[in-house]
Amino acid sequence: MKTLLPVPEIAIGAGRIDQLGADIAGLPGAPERVLLVIDRFLAKAGVAERIRAALAAGRRTLSLWDDLAGEPSGAQIDAAADLARRDRVQAVVGIGGGSALDVAKLVAAIAPGAARVEHYAFCAHPLPARPLPAVCVPTTAGTGSETTHTAVFTNAAGRKAWAWGPELAAAKAILDSSLTVSLPATLTAATGIDALVHAVESCTNANRFEANDLLAHAAIRLVARHLPTAVREPQNLAAREGMLVASCYAGIAINNAGTAIAHNIAHALGSLGKVHHGRAAGLGLRASLPWSLDASAPAFAAVADALGGPRDATALPGLIERLIGAVGLKTSLADELPGLTPERLALEMALPENEAMRRSSARPSTDGDLLHLARAVLTAA
Ligand SMILES: [Zn+2]
């Protein structure tokens, strides 16, 4: 299947958030009641007030939901959706990292219905047909959630769950670099590497196709050019904007072609301990590349070229290593997951919820391969 799915309107510019009032007025039905889903630390840092000011023109009312720090639970999403129903909001604005955007998208999708979010997990039931329009404003670069049809949350059993559907598409994305300058260097690095892995996997996996590779390669070039600068010079707006665009393009690319084995490893690591998703994906890519290269050598060669190296797949592990080193990503997981055995990690990777990522990899994997990859990621120094 080769389909370039629809992309939301994307507005780009430092300070662009201050025009949010006009953006809301331009949505279908010119919504007057808006729910703002925002990371708590951003709300405390005054961003919620800035949004309130931007929305003040007209007779708009703003409901605020900021009970969010880290990955959202199903109960939190249901609470936000209940607030949206109670206040009869007509649009949802999400501002923050991937989690805040996922909550905003899920609330916009499920609030028109009555069911709890778990009802829709793993595509068990179709999402309500007419979602509220959602505006996504990423403050990390990142997950690319502003352009994907996926949202992730933790279910009642404490495990990662996902929902998928075109109903989860944002109506609009706003890429405002001024909102990302306060992101600490470690998070800038981890989220930026996540964007890189999205781009690399979408153009090297079994679902890749040329029309989509274009976006992935552009994202990889942007990461190579801007990520080390964004880590070194947090106030550099050009580097911050370059990374927002990279993350956005990479999000579009995975929406069309999905991820692969590095994300299988990352999701398994995320379920077994507290490892940042982006760092886990980067370590997953690093550990799996030598195993993956031959299955998709011309595609990996194109990635090496986009990173500024020779058009040669065998050069890629070294180029990734250099980039990971340049942004200071810690490669050993011994501190976070001290007792985790490769056998346990391989079992987690083989679970049905991770199967799509495993199967989309260019190289088919046996259970023995999973054990080999688990060993590679856990023994990294
Ligand atoms: Zn990712």
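Being a predicted model, the structure only gives us computed values, none of them experimental.

**Quick look at the domain arrangement of the protein**
Each domain of the protein was delimited in the assignment, giving domain 1 (9–179) and domain 2 (185–378). A straight line from the C-alpha centre of domain 1 to that of domain 2 covers 26 Å. Each partner contributes to the interface: domain 1 provides 21 residues, whereas domain 2 provides 24 residues. At the level of secondary structure, the elements contributing two or more residues to the side of domain 1 that touches domain 2 comprise strand 1 (9–12) and strand 8 (172–175). The class makeup of the residues in the side of domain 1 that touches domain 2 is eight nonpolar, ten polar and three charged.

**Let's talk about the sheet that holds strand 2 (residues 33–38)**
Overall, parallel pairing links the six strands, which are arranged 1-8-5-4-2-3 in an open sheet. Each end of this open sheet is capped by a strand with a single partner; those strands are strand 1 and strand 3 (61–65). Put simply, the sheet's adjacent strands are angled 20° from each other on average, direction ignored. Where strand 5 (residues 134–138) lies against strand 8, two bridges are found, and the strand directions are parallel.

**Focus: the pairing of strand 7 (residues 160–164)**
Because side chains alternate across strand 7, one face comprises the buried residues Ala161 and Ala163, and the other comprises Lys160, Trp162 and Trp164, none of which is buried. Where strand 6 (residues 150–154) meets strand 7, five bridges bridge the pair, whose relative direction is antiparallel. Residue Thr154 lies in a different strand from strand 7, and its bridge partner there is Lys160. Counting the residues in the hairpin turn of strand 6 and strand 7 gives five residues, including Gly158, whose phi is positive at 80°.

**Remarks on unusual backbone geometry**
One non-glycine residue with positive phi stands out, namely Arg88, at about 50°. Note on placement: Arg88 falls in the loop between helix 4 (74–86) and strand 4 (91–96).

**Remarks on the nonpolar core**
Counting residues in hydrophobic clusters, the biggest one holds 122 residues, and the most contacted among them are Val92, Val107 and Ala219. The leading source of residues in this core is helix 8 (residues 237–257), at twelve residues. Residue assignment places this core across two domains, with domain 1 (9–179) and domain 2 (185–378) each supplying three or more. Excluding residues within four positions of it along the chain, Val92 makes contact with Leu35, Val37, Ala84, Ala104, Val107, Ala108, Leu132 and Ala134.

**Regarding the pairing of strand 4**
A large share of strand 4 lies buried, amounting to six of its six residues. Of the two faces of strand 4, both are covered, the one formed by Ala91, Val93 and Ile95 as well as the one formed by Val92, Gly94 and Gly96. Here five bridges tie strand 2 to strand 4, and the two strands are oriented parallel to one another. Within strand 4, the position partnered with Leu36 by the bridge is Val93. As defined by bridge partners, strand 4 adjoins strand 5 across five bridges and the pair is classed as parallel. Residue pairing for strand 5: Gly96 is matched across the bridge by Pro138. Regarding the hand of the β-α-β motif, the stretch spanning strand 4, helix 5 (residues 98–110) and strand 5 is right-handed.

Parameters and conventions
Residues numbered from 1 in each chain as written. Predicted model: local features only at pLDDT ≥ 70, side-chain atom pairs only at ≥ 80, totals over all residues. Domains from an automatic or database assignment. Contact = placed C-beta atoms within 7 Å. Helix = DSSP H or I, 4+ residues; strand = E, 2+ residues; numbered from the N terminus. Nonpolar A, V, L, I, M, F, W, Y, C, P; charged D, E, K, R; others polar. Pairing = 2+ DSSP bridges. Axes fitted to C-alpha atoms, helices over the stretch in contact; angles between N-to-C directions. Buried ≥ 20, exposed ≤ 12 C-beta atoms within 10 Å, placed from the backbone. Core = buried A, V, L, I, M, F, W, Y, C linked by C-beta atoms within 7 Å. Right-handed = clockwise from strand over helix to strand, strands pointing away.

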